[in-house]
Amino acid sequence: MSLFTKLFFSMLISIIVSFTIYVTTIINIEKKVVKDNLVSKIEYDKKLYFSSISVLLYELNKDVLVSLLNSIFEDKDIIKIELIDYTDLINLNLKKEQDDKSTIIKSEINLSYNKEILGKLQIYYTDKYIIERLDNYEKNIFTFSVILSIIILIVLFFFINKFTKSIVTLTNASSKIASGNLSERIYIKTNDEIGILAEKFEIMRTTLKDRIEKNEKQANEIKSLNDDLKNKVYERTLELEQSNKELHNSLNNLKMTQDKLIESEKMASLGSLVAGVAHEINTPVGIGLTGITHFLEITNELKEDYTNENMSQEDFENYLNTSKEIADLINVNLNRTAQLVKNFKQISFDQSSEERRKINLYTYIEEILFSMKTITKKTNLKIENNCNHEINIYTYPGAISQVITNLIINSIRHGFKDKEEGNITISASREENTIKLIYEDTGKGIDKEDLPKIFNPFFTTNRENGGTGLGLNILYNIISSTLYGTIRCISEKNKGVKFIILFQEDKKNTKLEKEILWQI
């Protein structure tokens, strides 16, 4: 149902209801007024005719009395007049035809003169003419109401049609705008709210049209820029792919170089160990060789004296005593040589292999320190092994050897330059299933700005003296990758350094959380 139909029928129903209520009210008021007038007329007639008729009846003036009653009877609202004389001298009865539909109202007047009751006058009134007047009045009111309603409806039709026409125009325009058609102009020229709304709609249409045209222009520009950007991205992608390939190759080469440097560092460490052990073995072997040479000389001399029968008992006893001393000396030095070879063999095997075995941590660190004596004895350092003697673990001894060796060499190279005096302390304890290894020295410590970088590959503060910057990086990789542990460093300038290493025993596939906590 259209808005026009809704408005028209709403106004029509409102007008019909309003006029119905109005007409009904007016008619009811009119009925009441007419009836009240009839009642007032009856009361007035009573007062009007009482005196004159009473006098005429008292005087028995019949002619005048009849004339008066006939004049009264001419009133169309009166249908019957009955005069009753108690003396029965004058009795009159005037009567008109009665309508069965009308209502009769009886008015009775008691006639008396000088307090003498003479008779009574009965007047009968009808509401026939009142009803006729009311019916005519209702017809006139209804006719007037119908004519007025038609006029009002015509006027309303005109204004509603004009009002809804503007709304329909706006509705069609909004539908076209919603569908994307912004070319049709909205033309409604009225001085009411609809005209203002139409003006705002036209401004909105124009604004939307301008914005859409602007957006389309920007979209075309963006599309053009996107096409250019795609081409540039494609070209840049090709360049990046080529750069990535080159970078990948460079990383592979760098990794190979790093691996070679690490291997070289390991071999250099092992070479230093070999040189030290060779030097250490040279002394007992030299003493043993000197003893054997001396033993051979005194044996040849004794043999010659024996052959020439110049050997005395004293000479023989001297020979036996000297031989015993020489044999003891050779035995001590050969045992020392054998121990050196054994330690070197075990340490070198451990450093070059990745096998696990059970060790006593204190004893194994003693063997490492013994194998490094050729390096440490050239310094003024005192190295103490304060590890718990009861720690027996199943682990990678080569990794532990490399860790201790690298830490000691790092202390000698960086912590105690110019053969300064100092202390190195190695301690270890067991906390449930975790081994806590602590390495401390009293050297010069590490600068605050260098501390976070000490485990980075190729970081060194001694490059001018041949430092590679791989020592502590190898150490970190060994602890994290082989021992599945963590390491942290605590140091202050000129207050030494402290490394805390945590790793688990008998847990090859369990790693402690990797973290490096730097504290200054």
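Refer to the structure above for everything that follows.
Definitions and limits used
- Residues numbered from 1 in each chain as written.
- Predicted model: local features only at pLDDT ≥ 70, side-chain atom pairs only at ≥ 80, totals over all residues.
- Heavy atoms only, no water.
- Helix = DSSP H or I, 4+ residues; strand = E, 2+ residues; numbered from the N terminus.
- Buried < 20%, exposed > 50% of the residue type's maximum accessible area, 1.4 Å probe, protein only.
- Pairing = 2+ DSSP bridges.
- Axes fitted to C-alpha atoms, helices over the stretch in contact; angles between N-to-C directions.
- Contact = heavy atoms within 4.5 Å.
- Patch = residues over 30% accessible without salt bridge, like charges linked within 9 Å, V, L, I, M, F, W, Y side chains within 5 Å.
- Areas by Shrake-Rupley, 256 points an atom, 1.4 Å probe, with all protein chains shown as cover.
- Salt bridge = Lys/Arg side-chain N within 4 Å of Asp/Glu carboxyl O.

A. Broad picture of the environment of Lys128. Within the secondary structure, Lys128 is located in helix 3 (residues 128-179). Accessibility expressed as a relative area gives 30% for Lys128, which makes it partly exposed. The sequence separation of Lys128 and Lys76 amounts to 52 residues, and the corresponding C-alpha distance is 9.3 Å.

B. The environment of Ile117, seen in detail. Looking at the secondary structure, you find Ile117 in strand 4 (residues 116-126). A relative accessible area of 58% means that Ile117 is categorised as exposed. For Ile117 and Ser54, which are 63 residues apart along the polypeptide, the C-alpha to C-alpha distance reads 9.1 Å.

C. Looking closely at the sheet that holds strand 3 (residues 104-113). With antiparallel pairing, four strands are arranged side by side in an open sheet as 2-1-4-3. Pairing within the sheet leaves two strands with one partner each, and these edge strands are strand 2 (92-95) and strand 3. Neighbour-to-neighbour, the strand axes of the sheet open up by a mean angle of 15°, direction not taken into account. Bridge count between strand 1 (residues 78-85) and strand 4: seven bridges; the pairing is antiparallel. In the sheet register, Glu82 faces strand 4, and the bridge partner there is Gln122. In the packing of helix 2 (residues 62-73) onto the sheet, contacts are made with strand 1, strand 2 and strand 4, and the angle to strand 1 comes to roughly 155°.

D. Highlighting a nonpolar patch on the surface. A surface patch of nonpolar side chains, about 500 Å² in accessible area, is lined by Ile147, Ile151, Val155, Phe158 and Phe159. Summarising the element assignment, Phe159 is placed in helix 3.

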